[in-house]
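# Topology and contacts: notes
What follows is each chain in one-letter form.
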Amino acid sequence: MNEQIKEIKSYEQEVLTRFPDWAEVDQREGFQGLLVDQKNLLAMMESLRDEFGYDHLTSVTGVDYLQEEQMEVVYHLFKSTGGPILEIKVQLPRSNPVVPSLVGLFPGADFQEREAWDLLGIRFEGHPNLKRILMWEGFAGHPLRKDWQEVFYEGEFKPYEDRWPEGKVSKIEDQNPYQENIAYPKGFNPETWIPDGEELLFQGSIPLVQDDPGIETEQLVVNLGPQHPSTHGVFRMVATLEGETVVDLEPVMGYLHRNHEKIGERNTYAMNMPYTDRLDYFCSMSNNFAYALTVEKLLGEKYRPPERAEYIRVIMAELTRVLNHFMAIGFFLNDLGAYFTPALYTIKERELILDIFEAVAGSRMMCNYFRFGGVVRDLPEGMEDHIRKLVYERLPRQIDELDRYLVENEIVVTRSAGVGVLTPEQAIGLSAVGPVLRASGVPYDIRRAEPYGIYDRFDFDVAVRYHGDVYDRFLIRFDEIRQSIRILQQAIDGLPKGDFLANKAAYKFRMPKGEAYGRVEGPKGELGFYVVSDGTDNPWRYHVRAPSFINLTGLREMSLGEKIADLVAILGSIDIVLGEVDR
Amino acid sequence: MKGFGIIKGLGVTLKHIYDTYAEDIKAGRKRYYTEEGVRQRMTPDTKGIFTVNYPEERLPTAEAFRYVPFLVYEEVDGEKVPRCTACGICSKVCPSQCIWITRAEDPETGKPIKTPAEFAIDIDLCMNCGYCAEYCPFDAIKMDHDYELAGYERMESNIHKLERLLKPASYYAEIRPVNYALELQIKAEAEAKKAARRRPK
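The structure presented is a predicted model; accordingly, all values stated were derived computationally and were not measured.

Moving on to the overall build of chain B. Across its full length, chain B carries seven helices and seven strands. Walking chain B from its N terminus toward its C terminus, one meets helices and strands in the order α-α-β-β-α-β-β-α-β-β-α-β-α-α. Against the 2.2 N^0.38 benchmark of 17 Å for 201 residues, chain B shows a C-alpha radius of gyration of 25 Å, more extended than a compact globule. Across its three principal axes, chain B shows a C-alpha extent of roughly 90 × 50 × 35 Å. Across the 201 residues that make up chain B, the buried fraction comes to 23%. At a minimum sequence separation of 6, the contacts of chain B that also span at least 24 residues come to 66%.

Below, the structure is given as structure tokens:
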């Protein structure tokens, strides 16, 4: 690079002028953002929130720099009124990474800090409940640290050496029989172990509470899950009840954890694309989109997708949104007890969209369709007409029918109106994104706030509802489908002829050093990828900011004071996919 | 009026029931158990019953559809000659690292020959991403359409070895006609270029 002093963006300069002593620009090549010392972090974050309006802490994660003997905590903030992302970093010694917790300022940091503690071993001082979240309590080590090795360890980076030219096939499980699969820390006995301070909660014991003088009431602990039929996967809610009212609730997750991020760091950049499909398996196209955008940011101008590819990307992403919201509506009705008739009506529409994905990408759900600099193949013959017919005739008709079918239904309204309310302030503070945030009256949509791809060319409204209850979160999905159909109509009409991939298909890239945070407005909210490149074929750090996971931070706030019968409805209204929550 | 919303909703359900029978009567016998009927159920203006009675009825597979890979061989003098040159690119790009290749060696000189001695794909690991077919420079490995791979045993039968993987080029042409035609065209163009370059000498 030339010796010019790094260009400082105007919004960063503002912060620098305000805090000349506390913040400095990250001078490393390819890196952005501001470096802050950990002792000034709290004061600075408070001022950023209250003075500058950076009220939404969207992502908290860590990076392990093994050679530099450093841990880095990376914060991404944005203003809920729109604009670019501000990146704040704190550098810590690797031997003892301690940083003040931000939960007091941004309650939305709760789960993310727990995740960073769990996977990277960064201690957040002052966190009210700093324990493992994805791994089980008693797990040995912090798996995302670079010196940690998994049980089926084959090598630091893919491709592994033993596959070619003298590959001898073998099942990995033969090399490591099940008996030796689990490592426990010293002195840990899984048979007798009870989680710290949770003896009562996990054993369902009943503490006595003196409510009114003379009347003895009892609290009851109910475990919903891990495999409750109405929950959306292997997910568990530990609810403490007083009568029928929920007084405390703790989501327990990680049953589907496979350490997606560790796999991602072993993979090459291209190998990660099919893995992103498996995050939120309803919306593989959106996941692909976010990952492709992030890596294209690193790769630079040369990998800018051609016009046709940009349009195809938008069409696929919006079709994904339509199908995801159809599913969300259908399964929300399932959660209310309308068993599968409404869900099947919505699955029917989804099926037509999946047929498109199969013809275009080759697979109905695991699309793996995007490449850096475009998409893998062009639309097959006749597909444009098919999509046009769908978005001009079928989908508008069907969404109207679904509207007639469900929206005014008195049972739906009574079950959901006024239930599980999240105020706008709460929603922003809890880092809620997507439909959950917008149903609480915050019209924040990344497609408008910080347009990516070619979204600035389309005419659409940001759907917003104001009550923040379950009913509004249900209704906003109708609104969003309608807006998506509008975008789809414009995109299919404007679809130009031409190339669909900027560069010849390559599986290796000359990746410059640096970092990138790319995000899209996925159907469930802001899906972000944070990638750090050290110039080799494999990413040094690969982090997924998963919307379903972070939206769950608000589950407790929504449920307090509600009846236990409404818990499942509230969970359904957030619309989570466990593949993404547990990663 | 209380209850109006429910009645309106029930109206929609009733219409769906009506549509089912109306469509059946309108389309007659050919609606079920015929290819035409299945295709009709996939169009954007389908009404009525939507499900497909698998396995008697099957959805047509799109050309791009991909399932576990196979190796293409050409028939030369009645012998199977795989297109594969054992270059190893597929095993390098494979995200789940499920491809093992042993390159053949000349028994006399010990030098490597451009053909695989062994080729194995563990289909338990394969995630059907299609990278191997995408990046193969010799069009030697392709994604299959055969999705019915259930078995009683998962160790031996789920590791596909060379003899199980090899399928003729005619099979490839059958399942991916558009792609195959395109490949032939590209090959012909390359040949023509080569011939044109040779002539001036």
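Here the narrative resumes, following the displayed structure.
Residues and elements named next belong to chain A. Spatial ordering of the open sheet is given by β14-β15-β16, a layout of three strands whose pairing is antiparallel. The sheet is open, and its two edges are formed by β14 (514-522) and β16 (539-545), each paired on a single side. The mean angle between the axes of side-by-side strands here comes to 10°, regardless of whether they run parallel or antiparallel. Where β14 meets strand β15 (residues 525-533), nine bridges bridge the pair, whose relative direction is antiparallel. When the sheet's bridge partners are listed, alanine 516 is paired in β15 with valine 531. Running over the sheet, helix α8 (residues 284-299) touches β14 and β15 and is turned about 150° from β14.

What follows concerns unusual backbone geometry. Residue proline 159 of chain A is bonded to the preceding lysine 158 of chain A through a cis peptide linkage, with omega at -5°. With respect to the helices and strands, proline 159 of chain A occurs in the loop between β7 (123-125) and α4 (172-175). The omega angle of the peptide bond from tyrosine 54 of chain B to proline 55 of chain B is 0°, so this bond is cis rather than trans. Of note, proline 55 of chain B is situated in the loop between α2 (35-42) and β1 (67-76). Unusually for a residue other than glycine, glutamate 69 of chain A sits at a positive phi of about 55°.

Residues and elements named next belong to chain A. The assigned domain composition of chain A is domain 1 (1-135 + 138-158 + 180-194) and domain 2 (260-582). Contacts between the two partners involve 30 residues from domain 1 and, on the opposite side, 32 residues from domain 2. Looking at the side of domain 1 that touches domain 2, the element that brings in the most residues is strand β3 (residues 56-65), giving six residues. Of the residues belonging to the side of domain 1 that touches domain 2, the class tally is 13 nonpolar, 11 polar and six charged.

Regular strands place side chains that alternate from one sheet face to the opposite one. Residues and elements named next belong to chain A. The element β16 is largely enclosed, with a buried count of six among its seven residues. Two strands pair when backbone bridges link them, and β15 and β16 are joined in this way by six bridges, in the antiparallel orientation. Each bridged residue has a counterpart across the sheet, and for tyrosine 530 the counterpart in β16 is histidine 543. Connecting β15 to the antiparallel partner β16 that follows it, the hairpin turn spans five residues, and glycine 535 within it adopts a positive phi of roughly 90°.

Strand-to-strand pairing in sheets goes through backbone hydrogen bonds, with the strands running parallel or antiparallel. All names here are of chain A. Spatial strand order, β1-β2-β5-β4-β3: five strands in an open sheet with mixed pairing. Looking at which strands have only one partner, the edges of the open sheet turn out to be β1 (23-25) and β3. Neighbour-to-neighbour, the strand axes of the sheet open up by a mean angle of 30°, direction not taken into account. As judged from the eight bridges shared by strand β4 (residues 70-78) and strand β5 (residues 86-93), these two strands associate in the antiparallel manner. Residue methionine 71 lies in a different strand from β5, and its bridge partner there is leucine 92.

This next bit is on helix α11 (residues 383-407) of chain A. At leucine 390 of chain A, α11 of chain A is bent by approximately 40°, the largest bend along its length. All of the buried residues along α11 of chain A are Ile387, Leu390, Val391, Leu395, Gln398, Ile399, Leu402, Tyr405 and Leu406 of chain A.

Quick look at the interface of chain A and chain B now. Contacts between the two partners involve 46 residues from chain A, matched on the other side by 40 residues from chain B. Listed by contribution, the elements that provide at least two residues to the side of chain A that touches chain B are α7 (272-277), α10 (341-361), α11 and α12 (410-416) of chain A. Broken down by element, the side of chain A that touches chain B gets its largest block of residues, nine residues, from α11 of chain A. The class makeup of the residues in the side of chain A that touches chain B is 22 nonpolar, eight polar and 16 charged.

Turning our eyes to something else, we now look at the nonpolar core. As a rule of thumb, nonpolar side chains are buried together in soluble globular proteins. The biggest cluster of nonpolar side chains holds 186 residues, and the ones touching the most others in it are Leu77, Ile315 and Tyr369 of chain A together with Leu71 and Cys132 of chain B. Broken down by element, the residue count for this core peaks at 17 residues, all from helix α9 (residues 307-336) of chain A. Beyond its immediate chain neighbours, meaning those up to four positions away, leucine 71 of chain B contacts Pro82, Cys84, Phe119, Ala140, Ile141, Leu165 and Leu166 of chain B.

Parameters at a glance
Residues numbered from 1 in each chain as written. Chains lettered and ligands numbered in written order. Predicted model: local features only at pLDDT ≥ 70, side-chain atom pairs only at ≥ 80, totals over all residues. Helix = DSSP H or I, 4+ residues; strand = E, 2+ residues; numbered from the N terminus. Rg over C-alpha atoms; globule rule 2.2 N^0.38 Å. Buried ≥ 20, exposed ≤ 12 C-beta atoms within 10 Å, placed from the backbone. Contact = placed C-beta atoms within 7 Å. Pairing = 2+ DSSP bridges. Axes fitted to C-alpha atoms, helices over the stretch in contact; angles between N-to-C directions. Domains from an automatic or database assignment. Nonpolar A, V, L, I, M, F, W, Y, C, P; charged D, E, K, R; others polar. Bend = angle between axes of the 7 residues up to and from the residue. Core = buried A, V, L, I, M, F, W, Y, C linked by C-beta atoms within 7 Å.

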